[in-house]
Amino acid sequence: MAGRINDDDVKAVRDAVPIDAVVSEYLQLRNAGGGNLKGLCPFHDEKSPSFQVSPGKGLFHCFGCQEGGDTIAFVMKIDHLSFSETVERLAAKAGITLRYEEGGYNPSHQRGERIRLIEAHQAAAEFYVRALESPEAEIGRTFLAERGFDQEAAAHFRVGYSPAGWDHLTRYLRGKGFSDKELITSGLSQDGRRGPIDRFRGRLMWPISDTAGDIVGFGARKLRDDDNGPKYLNTPETPVYKKSQVLYGIDLAKKDIAKASRAVVVEGYTDVMACHLAGVTTAIATCGTAFGNDHIKILRRLLMDNGSARVIFTFDGDSAGQKAALRAFEDDQKFAAETYIAIAPDGMDPCDLRLVKGDDAVRDLVEPRTPLFEFALRQIVGRYDLETPAGRAAALDEAAAVVAKIKTSSVQREVAVQLAGLVGILDQEFVVHRVAQLARWARDKGGDHGDRGGRGGPQGRGPRGGAPRQTAPAPAFSGPALNLRSPAHRTERELLKLALQKPALVSPAFDAYGVDEFTAPPYAAVRRCIEEAGGAEQGIADDRAYLGAVLDAAPDNTVRNLVTELAVEVFHGRTIDETYAGMHLVHVRLRAVDRRIADVQSSLARLGNHVAPQDLAAAQNEVWVLQQYAQTLRAQGAAAL
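Below is a short write-up of the structure. (Residues numbered from 1 in each chain as written. Predicted model: local features only at pLDDT ≥ 70, side-chain atom pairs only at ≥ 80, totals over all residues. Heavy atoms only, no water.)

1. Some remarks on the nonpolar core
Ranked by size, the top nonpolar core spans 45 residues in total, and within it Leu-144, Val-159, Leu-204, Trp-206 and Tyr-248 carry the most contacts. Ranked by residues supplied to this core, first place goes to helix H12 (residues 269–277) with 5 residues. Setting aside residues no more than four positions away along its own chain, Leu-204 makes contact with Leu-132, Gly-140, Phe-143, Leu-144, Val-159, Gly-160, Gly-219, Ala-220, Arg-221 and Leu-223. In this structure, Phe-510, Phe-518, Val-550 and Ala-554 belong to the second largest nonpolar core, which totals 38 residues. (Core = buried A, V, L, I, M, F, W, Y, C linked by side-chain atoms within 4.5 Å. Buried < 20%, exposed > 50% of the residue type's maximum accessible area, 1.4 Å probe, protein only. Helix = DSSP H or I, 4+ residues; strand = E, 2+ residues; numbered from the N terminus. Contact = heavy atoms within 4.5 Å.)

So this is what it looks like as structure tokens:
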């Protein structure tokens, strides 16, 4: 059984691995102001970036879905790892050797399943690369050379070769300490009559990596006529490999995709290689499956999906390629980016095009040419005889139903006008009306209730810029609900942000504030967490340790998420200094004093003549003292605290 990881080592891992570096492996981050970064949330679909990262605090928070936490929490959630697996993975990245509290450390027994499977794939990739240099792999080297890929290109993409024997890789990985169960689970081996045998034999091997760069599977290309298997054989579904959630080449292309706000989607491994070698370093490909929803999510996060981004699909000119293009168009509305299609005039794929016409032809191919919607409509309209009224009517009926799916009314109208021209109908308004009618019928049938995250439409799911949209936490507190229109609640929120983000500006005064001075129950819960963590003054010396202690003190995920939200949210003021902090300290205290005065006076009014003389005198004295304190606060400000 795995021992508990030493607490100091966990802290060292948190401090050693910058959260922005880790998050950037999964999505594009841009400046959000106040030292924070923002991007499209990887945990829910959104059109506007509401996901923020605070490198200085080592925290992330999404103002849309309320997910938040530190580097470890981010990796745990996005890669579905346990706490120990995550710490081990980040420790390996940082070069930190972990200590375990109970017993010795046996990697083969104590490392988590995902990490073990990743290590098995890495070892397999190294094995395949070496095997490509063997005499047996001559057929594989010839295959690559005939397609314009030399030894350097093969090394760059880590292309390898799987020997034709039954269990070469299986025996090699056993020697590395991997169990038969791990080999079967990884998909690298499969059950044979006498035990595990290699799944891939006598094939060219392309390693498939996830967005973080970990090898999670392989694509294997048949080389020999006596191989009765499919032309391409991919890793089966495993705990680390889901073909609908991986894109070949994403590890190599992600930085350039984010930088250029452009992605090129091709059909195969050699097409990705050809594009990258020709200078189109934003090329990626699906792995034995159609381009779908999960692939779109990956690209949207990297593109910082907006109207200036571009996604270019390259498909073969044959009927299968045309069908693939039409399938892609069905998902077009899930992008905010403009989508285009690029098909070489002679129908060649990028690999063949580079071989025949050179790198310039590949670069020229992927320059945006035909919008994907235009290509899709031309494919539909082209199936009908437009010389006859019946043919034009049939073409309009099919194509109009496609245009009606466009969510944004202005875009829908523009495309409908173009459809009229394609079909040859002079009355553009008739076509526009027909499309709008079909769209209305679809909505009436319940097929569309609001924006689904596609291009255009309402922007209410995330911030429009400036401060993120604030949403109340889940009702896990007793007392009045959080009202963000309340001046008192807004002031309390700002003071808590100061206590978490800039504790030096509010210490030591803040630590003398009682929990009851925060009228919103969620904010009172956060104040209690700060108190249990030793107070805001603890954050002056080590803000990361302080924030970690506050998070640890949270009683549940609702409070924990609110802490991360407040710890990364931008301030409302332009200048965040002692004056700004003092103003919020005073406002919160003043409201607390005024509430106490009102409570005492209300009690006296209810009791009337039934108050004992000494109690009446004490209450009147308390009111007088509080009133004097309130006057001093209003006159002297923070100096009176």
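2. A short note on the pairing of strand E10 (residues 215–222)
Most of E10 is tucked away, with 7 of its 8 residues classed as buried. Hairpin connection from strand E9 (residues 203–209) to E10: 5 residues lie between these consecutive antiparallel strands, with Gly-213 at a positive phi of about 95°. Pairing of E10 with strand E11 (residues 232–234) involves 3 bridges; the strand directions are antiparallel. Pairing of Arg-221 across the sheet is with Tyr-232, part of E11. (Pairing = 2+ DSSP bridges.)

3. Overview of the sheet that holds strand E3 (residues 51–54)
What the 5 strands build is an open sheet, ordered E1-E2-E3-E4-E5; its pairing is antiparallel. Either end of the sheet is taken by a strand with one partner, and the two such strands are strand E1 (30–33) and strand E5 (68–70). Mean inter-strand twist for the sheet, computed between neighbouring axes without regard to direction, equals 25°. Of the strands in this sheet, E3, strand E4 (59–62) and E5 are in contact with helix H3 (residues 71–79), which crosses E5 at around 120°. (Axes fitted to C-alpha atoms, helices over the stretch in contact; angles between N-to-C directions.)

4. As for the pattern of salt bridges
For side chains bearing opposite charge, pairing can occur when the charged atoms are close. Summed over all chains, the structure comprises 34 salt bridges. Residue Asp-227 is joined to Arg-203 by a salt bridge in which the shortest nitrogen-to-oxygen separation is 3.2 Å. In this pair, Asp-227 is assigned in the loop between E10 and E11 and Arg-203 in strand E9, connecting sequence segments 24 residues apart. For the pair Asp-227 and Arg-203, a shared accessibility class is recorded, and that class is buried. Between Glu-367 and Arg-262 there is a salt bridge, and its shortest N-O distance comes to 3.7 Å. In this pair, Glu-367 sits in the loop between helix H16 (359–365) and strand E16 (370–371) while Arg-262 sits in strand E12 (residues 262–266), placing the two residues 105 residues apart along the sequence. (Salt bridge = Lys/Arg side-chain N within 4 Å of Asp/Glu carboxyl O.)

5. Here's the deal with the state of the cysteines
Under the definition given, this model contains 0 disulfides. Cys-275 takes part in no disulfide bond, and the closest cysteine sulfur, belonging to Cys-351, lies 9.4 Å away. Among the residues examined, Cys-351 registers a relative accessible area of 3% and is labelled buried. (Disulfide = S-S within 2.5 Å.)

6. Looking at helix H1 (residues 7–16)
By the burial criterion, the buried members of H1 are Asp-9, Val-10 and Val-13. For H1, the angular spread of the buried residues around the axis is 105°, confining them to a single face. Those residues of H1 hidden inside the fold are in contact with H3 and helix H4 (83–94). Where H1 starts, the residue carrying a side-chain oxygen 2.8 Å from the main-chain nitrogen of Asp-8 turns out to be Asn-6. (Arc of directions from axis to C-beta. Polar contact = N/O pair within 3.5 Å; in protein donor to acceptor, adjacent residues only side chain to side chain.)

7. Focus on the packing of H4 against helix H6 (residues 113–131)
Each pair of packed helices can be described by the angle between their axes along with the distance between the axes. It is at 8 Å that the axes of H4 and H6 come closest, and there the two elements cross at 40°. Between H4 and H6, the angle falls in the class oblique. Contacts between H4 and H6 involve Glu-85, Glu-88 and Arg-89 on the former and, on the latter, Glu-113, Arg-114 and Ile-115. Here the residues of the contact of H4 with H6 are counted per class, giving 1 nonpolar, no polar and 5 charged. (Parallel < 35°, antiparallel > 145°, perpendicular 65-115°, else oblique. Nonpolar A, V, L, I, M, F, W, Y, C, P; charged D, E, K, R; others polar.)

8. Some points on unusual backbone geometry
When glycine is set aside, most residues are seen to have a negative phi, and most peptide bonds are trans. Here the bond from Ser-507 into Pro-508 is cis, since omega is 0°, no more than 30 degrees from zero. Topologically, Pro-508 is positioned in the loop between helix H22 (503–506) and helix H23 (521–532). Backbone geometry at Gln-66 places phi at a positive 75°, although glycine is not the residue there. Looking at the secondary structure, you find Gln-66 in the loop between E4 and E5. For Arg-158, which is not glycine, the phi dihedral falls at a positive 55°. Here Arg-158 shows up in the loop between helix H8 (151–156) and strand E6 (160–162).

9. Structural notes on the packing of aromatic side chains
As enumerated under the stated definition, the model contains 16 aromatic pairs in all. Aromatic side chains Tyr-26 and Phe-74 sit 5.7 Å apart centroid to centroid with 70° between the ring planes, which places their arrangement in the edge-to-face category. Of the two residues, Tyr-26 sits in the loop between helix H2 (19–23) and E1 while Phe-74 sits in helix H3, which places them 48 residues apart along the sequence. Here Tyr-26 matches Phe-74 in class, with each residue buried. An angle of 65° between the planes, with centres 6.1 Å apart, marks the rings of Phe-510 and Phe-518 as edge-to-face. Site record: aromatic cluster; members linked through ring pairs are Tyr-26, Phe-43, Phe-51, Phe-60 and Phe-74. A cation over a ring is seen here: Lys-77 above Phe-43, with NZ or CZ 5.3 Å from the ring centre. (Phe/Tyr/Trp six-rings, centres within 6.5 Å; stacked < 30°, edge-to-face > 60°. Lys NZ or Arg CZ within 6 Å of the ring centre and 35° of its normal.)

10. Quick look at the pairing of E1
Examined bridge by bridge, E1 and strand E2 (residues 36–39) share 3 bridges and lie antiparallel to one another. When the bridges of E2 are listed, Asn-31 appears paired with Leu-37. Connecting E1 to the antiparallel partner E2 that follows it, the hairpin turn spans 2 residues, and Gly-34 within it adopts a positive phi of roughly 65°.

11. Regarding the sheet that holds E12
Pairing is mixed across the open sheet formed by 5 strands, whose spatial order is E13-E12-E14-E15-E16. Two strands bound the open sheet, and with one partner strand each, they are strand E13 (283–285) and E16. Where E12 meets E13, 3 bridges bridge the pair, whose relative direction is parallel. If you follow Val-264 over to E13, its bridge partner there is Ala-283. Packed onto the sheet, helix H13 (residues 293–303) meets E12, E13 and strand E14 (310–314) and runs at close to 155° relative to E12.

12. Some thoughts on helix H27 (residues 613–636)
The end-to-end C-alpha distance of H27, which contains 24 residues, comes to 34 Å, matching closely the 34 Å that a straight helix rising 1.5 Å per residue would cover. Listed in full, the buried residues belonging to H27 are Ala-619, Val-623, Leu-626, Ala-630 and Leu-633. Phi turns positive, to about 70°, at Gly-637, one or two residues after H27. (Expected span 1.5 Å × (residues − 1).)

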